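Chain by chain, the residues:
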Amino acid sequence: MDLLEAAKRVRENAHAPYSGFKVGAAIRAASGRIYAGCNVENASYPEGSCAEAGAIAAMVAAGETRIAEAVVIADSPQPVSPCGGCRQRLAEFAGPQMRVTMVTLDGQRRTATMEELLPFAFGQDHMKRG
Ligand code: THU
């Protein structure tokens, strides 16, 4: 199964009764294995989580820490780009050239690099002193 197919498929499992906006994310890790996640909302709204967060959690739980490529899909008028928090989550496990492809259910696509999505990103190097 390819990344897009994985994202499309997992999106169907999204739990989004409050927003009605289902999102699917799939990550190809350094090993080539694919990890997928969907948004999981909660009656206590701030407790909901994004699709990207679910895919990243699955990757880390499987023992991997490097994202080679990512796809995000939603039924939106234009390709949905990851929220600010998810850009930071992706950046934790990706280099600046990692490509994120954003897709709509009707087939529109847009690809951006991690660096384009999160320029001047905060990272662990900022916490190092002299
Ligand atoms: N959402 C994601 O899962 N990923 C994104 O990149 C954008 C937003 C979810 C969160 C919430 O469940 C719903 O979309 C509406 O914001």
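The preceding data block contains the structure.
Residues numbered from 1 in each chain as written. Predicted model: local features only at pLDDT ≥ 70, side-chain atom pairs only at ≥ 80, totals over all residues. Heavy atoms only, no water.

*Asks:* Provide a residue-level description of the environment of Ser19, including the pertinent values.
*Replies:* Looking at the element boundaries, Ser19 is found in the loop between helix H1 (3–11) and strand S1 (23–29). As for Ser19 and Cys38, which are separated by 19 residues in sequence, their C-alpha atoms are 13 Å apart. Engagement of the side chain of Ser19 in a polar contact is seen with the backbone nitrogen of Phe21, the distance being 2.9 Å. In terms of polar contacts, Ser19 uses its side chain to reach the side chain of Glu41, at 2.5 Å. (Helix = DSSP H or I, 4+ residues; strand = E, 2+ residues; numbered from the N terminus. Polar contact = N/O pair within 3.5 Å; in protein donor to acceptor, adjacent residues only side chain to side chain.)

*Asks:* Could you give an account of the packing of aromatic side chains, naming the residues involved and the relevant values?
*Replies:* Under the criterion given, the structure shown has one aromatic pair. For the ring pair Tyr18 and Tyr45, a centre distance of 5.4 Å and an interplane angle of 40 degrees mean the geometry is tilted. Of this pair, Tyr18 sits in the loop between H1 and S1 while Tyr45 sits in the loop between strand S2 (34–38) and helix H2 (51–61), placing them 27 residues apart in sequence. For Tyr45, a relative accessible area of 61% gives the class exposed. (Phe/Tyr/Trp six-rings, centres within 6.5 Å; stacked < 30°, edge-to-face > 60°. Buried < 20%, exposed > 50% of the residue type's maximum accessible area, 1.4 Å probe, protein only.)

*Asks:* Explain the site of the ligand to me, and be specific about the residues and the numbers.
*Replies:* Ser19, Phe21, Val23, Asn39, Glu41, Cys50, Ala51, Glu52, Ser81, Pro82 and Cys83 make up every residue found near the ligand. Interatomic distance of 2.9 Å between a side-chain N/O atom of Asn39 and an oxygen atom of the ligand. Within the backbone of Ala51, an N or O atom sits 2.9 Å from an oxygen atom of the ligand. For the ligand, whose unbound accessible area comes to 380 Å², protein coverage reaches 76%. Among the residues making up the shell around the ligand, the classes are represented as six nonpolar, three polar and two charged. (Near = heavy atom within 4 Å. Areas by Shrake-Rupley, 256 points an atom, 1.4 Å probe, with all protein chains shown as cover. Nonpolar A, V, L, I, M, F, W, Y, C, P; charged D, E, K, R; others polar.)

*Asks:* Explain the pattern of salt bridges residue by residue, including any values.
*Replies:* Evaluation of the coordinates by the stated rule reveals three salt bridges. Between Arg28 and Glu69 there is a salt bridge whose closest N-O contact spans 3.3 Å. Taken together, the residues span a long stretch of sequence, with Arg28 in strand S1 and Glu69 in strand S3 (residues 67–74) at a distance of 41 residues. Relative accessible area serves as the criterion here: at 25%, Arg28 is assigned to the partly exposed category. (Salt bridge = Lys/Arg side-chain N within 4 Å of Asp/Glu carboxyl O.)

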